[in-house]
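The chain contents come next:
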Amino acid sequence: MTTAIEIKNVSKWFGDFKALDDVSLTTSQGEKVVICGPSGSGKSTLVRCINRLEIHQKGTIKVRGIELTDHDSSISEIRSEVGMVFQQFNLFPHLTVLQNLTLGPTKALGLSQKDANERAFKLLERVRIPEQANKKPGHLSGGQQQRVAIARSLCMEPKIMLFDEPTSALDPEMISEVLDVIVDLANEGMTMVVVTHEMGFARKVADRMVFMDEGKIIEMGKPKDFFDSPKTERCKLFLNQILQH
Amino acid sequence: MKKHFLILVFLLIFLSGCSSQPGAWGWYVIDPTTKGGYNNVMFLLSGFSATIQLSLLAAFFSIILGLVVALPGMSSNYWVRLPSRTYIEFIRAVPLLPMMFWIFYGLPVILKSMGLNIPIDPFWGAVVTLAISDSAFTAEIYRAGIQSIHKGQREAAQTIGLTSFQTMRYVILPQAIKRILPPLANQFIYIVKMSAFASVIGMQELMRRANEVVVSEYRPLEVYTFLIFEYLILVLIISQAVRWLERKMGSDESRG
C-alpha cells in the first residue's frame with residue numbers, strides 16, 4: 001500500500017504550551033483515519049499541521065512523498081493535494097456558492113470559468129444542492145454551508161481530505177446531511193483524516209481510530225477493538241463520557 | 001437631528017446680525033446687492049475650487065500611500081513590518097503645520113543640495129503634506145479593516161491553493177472594503193478641514209481668501225462667519241455622501 005501521510009516525531013509548542021508531543025502517525029492511500037479526544041488534546045493542531053496552517057517545530061511531515069518545509073513550493077505542492085473542511089465552514093461570504101467553488105480552480109489551477117463552472121455543478125449535485133448555486137452562503141443553513149465547503153474543497157480535486165470537526169458547529173438536525181456526504185466520499189475511496197466526536201459515524205467509516213490527549217497519541221486501533229475493548233484507562237473514560245448519551 | 005439643530009443655531013447667529021440694531025455685525029461687507037459686497041462674496045466663494053482640488057488630490061494620494069504602508073505593516077516578519085510601523089508612528093506624531101513648513105521651505109533646500117531643481121509650489125506642497133499626514137491614518141484604517149476579517153477566511157483561501165496576493169485580492173480586500181470605505185470617507189472630512197493650513201504657504205483657498213478680505217475690509221466677524229459656513233456646507237455634503245455609502249454597503253452585507 002502507498003503511504004499517504006507520514007508524520008514522524010512531530011512536536012509543536014504555542015508559547016510554553018506543548019500542543020503536540022512527539023506524535024507519529026502514518027496513513028496509507030485510501031485509508032480513513034478518525035481522530036478523537038478531549039478538547040485541547042491537539043487533534044485539530046495535528047490536522048492543521050498536515051497542510052501547514054500550523055507550523056510544526058520538530059519532526060517531519062511528508063504528504064504523498066513530499067516533505068513539508070519552509071519552502072513555498074513544498075507548501076503549495078502539498079496544499080494542491082490536500083483539501084480541508086473547517087468547523088466554521090469559512091465560506092467566502094461576498095461570493096455566491098458557485099463562485100466559492102470556482103475561485104480556486106480558476107485562480108490557482110488556471111481553469112477557464114466555463115470548465116470550472118462545469119466542475120462545480122457536478123460537485124454541487126454530488127453534495128445535493130445544485131439549486132443553491134447562485135445564492136450567497138449567508139442565505140443557506142449551516143448544513144448546506146458545510147456541504148458547499150466540502151464541494152469547494154473537492155473542486156480542487158485533492159487526493160487527501162482533512163476534516164476538522166466538520167459537524168461541531170451545526171444544529172443537531174443538520175449533522176446527518178453533512179455526515180452522509182462524507183460517508184459517500186469515504187465509500188468512493190477518498191483518503192481522509194477526520195477529527196470528530198461523532199462516534200456512530202466513526203464506527204461506520206473509520207479504518208483506524210486514533211485517540212489523543214495532552215498532545216500525544218494515547219491509543220490507536222481498528223474501530224471494533226477501539227470501541228469494544230479500549231486498552232488505556234483514559235480512552236475508556238473518554239469513550240464512556242461521550243457514548244453515555 | 002443633532003445636525004439640523006446645529007444648522008439652526010448658526011442660522012440664528014447669522015440672522016441676528018441682520019437686524020437694524022447698531023452693533024457688532026456689519027453684513028454690508030458681503031452684501032451681494034452692493035458692488036463691493038458682491039465682489040467680496042465672489043472672491044470668497046472662488047476659494048472653493050482650490051480647497052476641493054487640494055482635498056481630492058490629497059485624499060487620492062493618501063488612499064494609495066496608506067495601502068502601500070498598511071500591507072507590509074501586517075506582515076508576520078518583524079523586519080518587513082518595522083519600516084511601515086515606524087512611518088505610521090512618526091507621521092502621526094508630527095503636527096500638520098510644521099510638516100507643511102518643512103516640506104514647503106525645507107524640502108527644496110535638500111532637493112537643491114542633491115542637484116535636483118524641483119520647485120515646490122504652494123499647491124503641490126500642500127497636497128503632498130496633506131497626503132503624507134493623512135496616510136498614517138488611512139493606513140491604520142486599512143489595517144483595522146483587514147484584520148477584522150476572520151482568519152478562517154485566509155486559511156480557507158490558502159487551502160484552495162490561492163497565493164497570498166490572490167488571497168488579499170479576491171478574498172480579504174473585497175470583504176474588508178465594506179469596513180474600510182466609510183471611515184475612509186470620514187477621513188476625507190479631516191483633509192478638507194486641514195486644507196485650511198495651506199493658506200499659510202500662500203495657497204489661494206477658502207481660508208486664504210477670507211484672510212485677505214479681512215485684511216482689506218477689517219470685518220473679521222462677518223467674513224469668518226461666512227468662511228465657517230463655507231466649510232460647513234462642504235462637510236455636510238461629504239457626510240451625507242458618507243451616510244449614503246454606509247447605507248449602501250450595509251444593505252449589501254451578507255451573513256456568515
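What counts as what
For every chain, the first residue of the written sequence is number 1, and numbering continues from 1 onward in sequence order. For naming, the first written chain is A and the first written ligand is 1, with later ones following in the order written. Reporting in this predicted model follows two pLDDT cut-offs: at least 70 for local features of residues, and 80 or more for side-chain atom pairs to be given and counted; totals over whole chains, interfaces and linings ignore these cut-offs and use all residues. Calculated side-chain values reflect all of the structure's heavy atoms, with hydrogen atoms and water omitted. Two strands pair if DSSP finds at least two bridges between them. In this text, helices come from DSSP runs of H or I with a minimum length of four residues, and strands from runs of E with a minimum of two, each type numbered from the N-terminal end. Each polar contact in these results corresponds to two N or O atoms within 3.5 Å; when the atoms are within protein, one needs to be able to donate a hydrogen and the other to accept it, and residues that are neighboring in sequence are counted only if both atoms are side-chain atoms. Pairs of residues are marked as contacts when any of their non-hydrogen atoms sit within 4.5 Å. By convention, the term buried area covers the 1.4 Å-probe accessible surface removed from two parts as they join, with the contributions of both added. We count a salt bridge whenever a side-chain nitrogen from Lys or Arg sits within 4 Å of a carboxyl oxygen from Asp or Glu. Basically, the charged four are Asp, Glu, Lys and Arg, the nonpolar ten are Ala, Val, Leu, Ile, Met, Phe, Trp, Tyr, Cys and Pro, and anything else, Gly included, counts as polar. As used throughout, domain bounds are those supplied by an automatic or database domain assignment. Only centres within 6.5 Å qualify two rings of Phe, Tyr or Trp (six-membered ring in Trp) as a pair; their planes then separate them into stacked at under 30 degrees, edge-to-face at over 60, and tilted for everything else. Each residue gets one of three labels from its accessible area relative to the maximum for its type: buried under 20%, exposed over 50%, partly exposed in between, using a 1.4 Å probe on protein chains only. Cation placement over rings: the criterion is NZ of Lys or CZ of Arg within 6 Å of the ring centroid and within 35° of the ring normal.

### Examining the sheet that holds strand 4 (residues 58–63) of chain A
Residues and elements named next belong to chain A.
- Strands sit in the order 2-1-4-5 across an open sheet of 4 strands; the sheet is antiparallel. Two strands close off the open sheet at either side, each with one partner strand: strand 2 (17–28) and strand 5 (66–67).
- Bridge count between strand 1 (residues 3–14) and strand 2: 8 bridges; the pairing is antiparallel. In the sheet register, V10 faces strand 2, and the bridge partner there is V23.

### Quick notes on the side chain of R152(A)
- Inspection of the secondary structure puts R152(A) in helix 5 (residues 142–154).
- Here F89(A) takes part through its backbone oxygen, which lies 3.4 Å from a polar atom of the side chain of R152(A).
- Apart from the residues lying within four places of it in its own chain, the contact partners of R152(A) are F89(A), N90(A), L91(A), F92(A), N100(A), L101(A), A156(B) and I160(B).

### Considerations on the interface of chain A and chain B
- Every contact between the two is made by 21 residues of chain A and, on the other side, 20 residues of chain B.
- At the boundary of chain A with chain B, total buried surface from both sides reaches about 2000 Å², with 58% on carbon and sulfur atoms.
- The tally of links from chain A across to chain B stands at 1 salt bridge.
- Close ionic contact of R48(A) with E155(B) constitutes a salt bridge, the shortest N to O distance being 2.6 Å.
- For the interface between chain A and chain B, the tally reads 5 residue pairs in polar contact (both at pLDDT 80 or more).
- Elements with a contribution of two residues or more to the side of chain A that touches chain B: strand 6 (82–85) and helix 3 (97–107) of chain A.
- When grouped by side-chain class, the residues that make up the side of chain A that touches chain B number 10 nonpolar, 6 polar and 5 charged.

### Digging into the domain arrangement of chain B
Residue and element names in this part refer to chain B.
- The domain architecture assigned to chain B consists of domain 1 (1–21 + 28–42 + 204–247) and domain 2 (53–201).
- For domain 1 versus domain 2, the separation of C-alpha centres amounts to 31 Å.
- Taken together, the contacts link 11 residues of domain 1 with 13 residues of domain 2.
- Between domain 1 and domain 2 we count 0 salt bridges in total.
- Taken together, domain 1 and domain 2 are joined by 1 residue pair in polar contact (both at pLDDT 80 or more).
- Elements supplying a minimum of two residues to the side of domain 1 that touches domain 2: helix 9 (206–217) and helix 10 (220–252).

### So, the packing of aromatic side chains
- Using the criterion set out here, one finds 8 aromatic pairs over all chains in the structure.
- Where F211(A) meets F238(A), the ring centres are 5.1 Å apart and the plane angle is 45°; that geometry is what we call tilted. One end of the pair, F211(A), is in strand 9 (residues 208–213); the other, F238(A), is in helix 9 (residues 233–243), with 27 residues separating them in the sequence. Neither F211(A) nor F238(A) differs from the other in exposure class; each is buried.
- Taking the centre distance of 5.1 Å and the plane angle of 85° together, the rings of Y78(B) and W79(B) count as edge-to-face.
- Through pairs of rings, three or more aromatic residues link up here, namely F101(B), F104(B) and Y105(B).
- Above the face of the F92(A) ring, R152(A) is positioned so that its terminal group lies 4.5 Å from the ring centre.
- Directly above the ring of F43(B) sits R209(B), whose terminal nitrogen or CZ lies 4.6 Å from the centroid.

### Overview of the pairing of strand 3 (residues 32–36) of chain A
Residue and element names in this part refer to chain A.
- For strand 3, the buried fraction is high: 5 of the 5 residues fall into the buried class.
- Residues of strand 3 alternate between two faces, with K32, V34 and C36 on one and V33 and I35 on the opposite face, all of them buried.
- For strand 3 and strand 8 (residues 191–195), the ladder comprises 4 bridges, and the chain directions are parallel. Note on strand 8: the bridge partner recorded for I35 is V195.

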